[in-house]
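# Overview (structure and organization)
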Amino acid sequence: MILCAGEALIDMLPRQTEAHEAAFAPYPGGSVFNTAIALSRLGTQTEFFSGLSTDLFGERLDGVLMANGVGSALAHRNDRPTTLAFVTLTDGQASYAFYDENTAGRMLTEADLPTIPDAAKACFFGGISLAVEPCAEAYAALIQQAHTQNRVVMIDPNIRPGFIADEARFRARLDQILAHSDIIKASDEDLRWLLGDHSLPVLAERLRAKGPAIVLITQGSDGVTAFHAGGDIHVDANKVQVVDTVGAGDTFNAGVLAGLDDAGALDKDKIVNGLDEDTLRSALTLGVRASAVTVTRAGANPPRRDELL
């Protein structure tokens, strides 16, 4: 089983009414929520933890988790509102405006954290949950718990500078998280925001020096490169007609974790001591194939195994 811990929210996606008026339609989403759904659709047993509202949007999020076979018994439920993310698309690329103050997810504290189930081989964290407080501090504590218990920890910081109120504090917390992590996925833009302008191999090795054994760098249509103790592995992106990129990175994360689970490689010792190239390449390929399907669809709608390209 894989535990996904982080934000669940409502993506308000741009639409047009029959009268040709601009409108927004509500779709369940959030980086970590999307990864949990994608993992379950790929056939991996998945549990989800977050602060979930009891409002109508929270009930919708819970219903989608249930419909997709994702367990949500660990979630902390309260009556604060659900986070809303209004999405703007420019040539298929998504940008977001978040409404997140005093929400069920953001106000999560360490007192609300669950005990990680014994069955959890790995824990996934990421998204805006690692940037905003107080929930970021709570997730940092849960990451430390997972690390101490020898679980595989994967993170995707998904840097959104507009969410970072105190950059020095964010960077210090992220360094702490990285020290307790085994795998990190970051876009090339994330990497340069974190470490400056240099070649990807140099930046990836600097990131690996902070703790993770495997650094995955996504480069959009140029594919993904994994940097690990054995060198680097590149997998090209599938060429598809892109509708939008909402949920693409989240689906990639799920594909990588599902691929490692398929190979029996969700083991901290195996990852720290170095995965063989075939195992890592196969996991990357599954991530690329799954995300290629997601970008051909409107919104975050990850594929099932029989839908893979």
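Every value quoted in this text rests on a predicted model; they were computed, and no experiment measured them.

Rules behind the numbers
- Residues numbered from 1 in each chain as written.
- Predicted model: local features only at pLDDT ≥ 70, side-chain atom pairs only at ≥ 80, totals over all residues.
- Heavy atoms only, no water.
- 1 Å grid on protein atoms, 1.4 Å probe; cavity = no way out; pocket = protein on both sides within 12 Å on 5 of 7 lines; lining within 4 Å.
- Points joined across faces, edges and corners; volume = space filled by probe spheres on them.
- Helix = DSSP H or I, 4+ residues; strand = E, 2+ residues; numbered from the N terminus.
- Expected span 1.5 Å × (residues − 1).
- Buried < 20%, exposed > 50% of the residue type's maximum accessible area, 1.4 Å probe, protein only.
- Arc of directions from axis to C-beta.
- Contact = heavy atoms within 4.5 Å.
- Polar contact = N/O pair within 3.5 Å; in protein donor to acceptor, adjacent residues only side chain to side chain.
- Pairing = 2+ DSSP bridges.
- Axes fitted to C-alpha atoms, helices over the stretch in contact; angles between N-to-C directions.
- Salt bridge = Lys/Arg side-chain N within 4 Å of Asp/Glu carboxyl O.
- Core = buried A, V, L, I, M, F, W, Y, C linked by side-chain atoms within 4.5 Å.

Turning our attention to empty space enclosed by the protein. What the rule picks out here adds up to one cavity of 30 Å³ or more. Taken as a whole, the largest cavity encloses approximately 90 Å³ of empty space. Taken together, 13 residues form the lining of the largest cavity, with Glu7, Asp100, Gly105, Arg106 and Ser129 sitting closest to its centre.

Moving on, we get to helix H2 (residues 56–67). A rise of 1.5 Å per residue sets the reference length of H2, with its 12 residues, at 16 Å; its end C-alpha atoms lie 16 Å apart and thus fit the reference within 8%. Residues Gly58, Leu61, Asp62 and Leu65 constitute the buried set of H2. Mapping the buried residues of H2 onto a view down its axis gives an arc of 95°, with all of them on the same face. Residues Leu56, Glu59 and Ala67 are exposed on H2 and point more than 90 degrees away from its buried face. In the core, the buried residues of H2 are packed alongside strand S2 (9–16), strand S3 (22–29), helix H1 (31–41), strand S4 (46–49), strand S5 (51–53) and strand S6 (76–78). Where H2 begins, the side chain of Asp55 points an oxygen toward the backbone nitrogen of Phe57, at a separation of 3.1 Å. Phi turns positive, to about 75°, at Gly69, one or two residues after H2.

In this section: the sheet that holds strand S9 (residues 122–126). Here eight strands make up an open sheet; going across it, the order is S4-S1-S9-S10-S11-S12-S13-S14 and the pairing mixed. Two strands lie at the open edges of the sheet, namely S4 and strand S14 (231–235), each paired on one side alone. Strand-to-strand twist in this sheet, taken as the mean axis angle between neighbours without regard to direction, amounts to 20°. Pairing between strand S13 (residues 224–228) and S14: five bridges, direction antiparallel. Within S14, the position partnered with Ala226 by the bridge is Ile233. Across the sheet, helix H9 (residues 277–294) lies against strand S12 (214–218), S13 and S14, angled at about 35° from S14, the strand it touches most.

The tally for this structure, following the rule as stated, stands at 17 salt bridges. Among the ionic pairs, Glu101 bridges to Arg106, the shortest N-O distance being 3.3 Å. Note on Glu101: relative accessible area 62%, which makes it exposed. The partner of Glu167 in a salt bridge is Arg171, and the shortest N-O contact between them spans 2.9 Å. Linking Glu167 with Arg171, this pair stays in helix H4 (residues 167–179), spanning four residues, or about one helical turn. Taking relative accessible area as the criterion, Glu167 reaches 40% and is therefore assigned partly exposed. Overall, Arg171 belongs to the partly exposed group, its relative accessible area being 25%. When salt bridges with common partners are traced through the structure, they connect Glu133, Glu137, Arg169 and Arg173 into a single cluster.

Next up on the list: the nonpolar core. Cys4, Phe48, Ile183, Ile214, Leu216, Leu260 and Leu284 are the most contacted members of the largest nonpolar core, which totals 48 residues. Apart from the residues lying within four places of it in its own chain, the contact partners of Ile183 are Val152, Val153, Met154, Ile155, Pro212, Ile214, Leu216, Leu260 and Ile271. Among the nonpolar cores identified, the runner-up in size contains 43 residues, and Ile116, Ala120, Leu130 and Phe170 belong to it.

Moving on, we get to the environment of Leu9. Mapped onto the elements of the fold, Leu9 is located in strand S2. With a relative accessible area of 2%, Leu9 lands in the buried category. Sequence spacing of Leu9 and Ser31 is 22 residues, and the spatial spacing of their C-alpha atoms is 8.8 Å. Among residues more than four places away in sequence, those in contact with Leu9 are Tyr27, Pro28, Gly29, Gly30, Leu61, Thr82, Thr83, Ala85, Phe98 and Ile128.

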